[in-house]
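Observations on the model geometry
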Amino acid sequence: MITDTEDLPVPGTALTILDGPLKLPGIVFGAGTFGNQYNSDAHLQSTMPARTVGLALRYGIRAFDTSVYYGPSEVILGNALQELKNEFPRSSYQLVRMTKCGRFGPSDFDYTPSRIHDSVKRSLERLQTAYLDTVYLHDVEFVCTPVVPRPNGSNFGALAEESAAYGLAEGDEGQIWGEGDQKILDAYAELRKLQEEGLNDTFAQFAPELRGRAKVKQLLTASPFSMGLLTSSPPPWHPAPTAMKAAAKEAAGVWPNGLPDLALGYALRNTGSAHENTPLVAGFSTPKEVHECVRVWREIQDGEIEGRKKGEEAVQDIFLKAGFLNWSWASPQ
């Protein structure tokens, strides 16, 4: 379904398929943009979602991340994929159609096995597919029994001098800290049952621990724009402190192509085959954003990074002076 020349990929280096257990592309389509947190009903009901998905597929971005929590996202994505099925039938490519369950609203978490079971079946219907390649438990960090010295700020000490306070000391790997942890284990057990029934087939610091101690086989990193903070129009609901938003606004003038371009380049430079085959989940609302992402990815592949590194250092210095480098905010309610 090509309705405009903008729907055609620009010739160039083909997107890499990473050598991980799921064989994911270097870029995963983050379909949270198909919800009202980022786009209006008018946009979502237009031809734009299908055009955006079509272009992404033509570039080789053939993995999608969505969630029941993202409002109509599963429905919009499912409809788009149905519109494109003649060009991209399910059997003609490897599509890891990811979804998440367990979180249904800002404060609505339900990890009971029955709700997990019903949620997965509902996602199958909304995505109009007979199976799901991957299913996540959504935002387990807000369900688990909290073992954390503070709700926000820098967590860089979690694997060093503060490891015991975070429950991350050597030997703590299999510890069940309370009711929240048990809820996650029960929900995971339900997902394993569903699989048997045939229904579903700060990152750099923590990644080695997740792979080594937690035995996580496939990691993904996401949100290169920090939930929209590093864009020209951060969403009004963004939970970052006012002073942090001011620092982002100051940083917007550092890079000639804009802060989103620089942030995306930083994320792409620190993921992919050179970084343990870790894909980047990036959200797209329009074909233009898909083109821009692939352009930046190609720049990184071609080694055009020295100028970017200087820009990244300048932005990091702004956040450092403001007291927000490597800062984590509390969950938005």
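Everything numeric in this text was worked out from a predicted model, so none of it was measured.

Here is what the cut-offs are and how they apply
Residues numbered from 1 in each chain as written. Predicted model: local features only at pLDDT ≥ 70, side-chain atom pairs only at ≥ 80, totals over all residues. Heavy atoms only, no water. Helix = DSSP H or I, 4+ residues; strand = E, 2+ residues; numbered from the N terminus. Rg over C-alpha atoms; globule rule 2.2 N^0.38 Å. Areas by Shrake-Rupley, 256 points an atom, 1.4 Å probe, with all protein chains shown as cover. Lys, Arg positive; Asp, Glu negative; His and termini not counted. Charge placed at Lys NZ, Arg CZ, Asp CG, Glu CD. Pairing = 2+ DSSP bridges. Salt bridge = Lys/Arg side-chain N within 4 Å of Asp/Glu carboxyl O. Buried < 20%, exposed > 50% of the residue type's maximum accessible area, 1.4 Å probe, protein only. Core = buried A, V, L, I, M, F, W, Y, C linked by side-chain atoms within 4.5 Å. Contact = heavy atoms within 4.5 Å. Arc of directions from axis to C-beta. Axes fitted to C-alpha atoms, helices over the stretch in contact; angles between N-to-C directions. Parallel < 35°, antiparallel > 145°, perpendicular 65-115°, else oblique. Nonpolar A, V, L, I, M, F, W, Y, C, P; charged D, E, K, R; others polar.

1. Focus: the overall build of the chain
When helices and strands are counted, the chain shows 10 helices and 10 strands. For a compact globule of 333 residues, the expected C-alpha radius of gyration is about 20 Å, and the chain comes in at 20 Å, within 12% of that figure. The C-alpha extent of the chain, read off along each of the three principal axes, is 55 × 50 × 35 Å. As presented, the chain carries roughly 16,300 Å² of accessible surface, and 53% of it is formed by carbon and sulfur atoms. Of the side-chain charges in the chain, 31 are positive and 41 negative, and the distance between the mean point of each set is 3 Å.

2. Some points on the pairing of strand S9 (residues 280-283)
Sheet topology note: the strand S1 (residues 27-30)/S9 ladder contains four bridges and is parallel. Across the sheet, isoleucine 27 pairs through a bridge with leucine 280, a residue of S9. By the bridge criterion, two bridges tie strand S8 (residues 221-222) to S9 in an arrangement that is parallel. Its bridge partner lying in S9, alanine 222 is registered against valine 281.

3. Some remarks on the pattern of salt bridges
Summed over all chains, the structure comprises 17 salt bridges. One salt bridge in this structure joins glutamate 6 and arginine 51, with 3.3 Å as the shortest N-O distance. One end of the pair, glutamate 6, is in the segment before S1; the other, arginine 51, is in helix H2 (residues 48-59), and 45 residues separate them in sequence. According to the relative accessible area criterion, glutamate 6 is partly exposed, its value standing at 30%. As a salt-bridge pair, arginine 103 and aspartate 139 come within 2.5 Å of each other at their nearest N and O atoms. Placement of arginine 103 in strand S4 (residues 103-105) and of aspartate 139 in the loop between strand S6 (134-137) and strand S7 (153-154) is noted, with a sequence separation of 36 residues between them. The class for aspartate 139 is buried, based on a relative accessible area of 18%. One salt-bridge network, held together by shared partners, links Asp261, Glu292, Arg295, Glu299 and Arg308.

4. Points about the nonpolar core
General note: in soluble globular proteins, nonpolar side chains tend to be found buried as a group. Ranked by internal contacts, the top residues of the largest apolar core, which has 64 residues, are Phe29, Val53, Ile61 and Phe319. Residues in contact with valine 53, not counting those within four places in the same chain, are Phe29, Phe34, Phe64, Leu77, Ala80, Leu81 and Leu84. Formed by five residues, the second largest nonpolar core is a distinct cluster that contains Leu24, Val28, Leu220 and Val281.

5. Things to note about helix H7 (residues 242-251)
The set of residues buried in H7 consists of Met244, Ala247, Ala248 and Ala251. An end-on view of H7 places all buried positions within 100° of arc, on one side of the element. The exposed residues of H7 that point more than 90 degrees off its buried face are Thr242, Lys249 and Glu250. In this structure, the buried side of H7 is in contact with helix H8 (259-269), helix H10 (306-322) and strand S10 (327-328).

6. Digging into unusual backbone geometry
Positioned with a positive phi, glutamine 128 is a non-glycine residue whose angle comes to about 55°. A positive phi is found at methionine 227, a non-glycine position, where the angle reads about 60°. Secondary-structure assignment places methionine 227 in the loop between S8 and H7.

7. Considerations on the environment of glycine 283
Mapping glycine 283 onto the fold places it in strand S9. Classification of glycine 283 by relative accessible area gives partly exposed; the value is 28%. Along the primary structure glycine 283 and phenylalanine 225 are separated by 58 residues, whereas in three dimensions their C-alpha atoms are 9.1 Å apart. Those residues in contact with glycine 283 that sit more than four places away from it in its chain are Gly30, Thr33 and Glu289.

8. Topic: the side chain of glutamate 299
Here glutamate 299 lies in helix H9 (residues 287-301). Not counting chain neighbours up to four residues away, the residues in contact with glutamate 299 comprise Glu304 and Arg308.

9. Quick notes on the packing of helix H3 (residues 73-83) against helix H4 (residues 113-127)
In contact at an axis separation of 7 Å, H3 and H4 are set at 40° when each is read in the N-to-C sense. Between H3 and H4, the interaxial angle falls into the category oblique. Judged by residue contacts, Glu74, Val75, Leu77 and Gly78 of H3 engage Ser123, Arg126 and Leu127 from H4. Of the residues belonging to the contact of H3 with H4, the class tally is three nonpolar, two polar and two charged.

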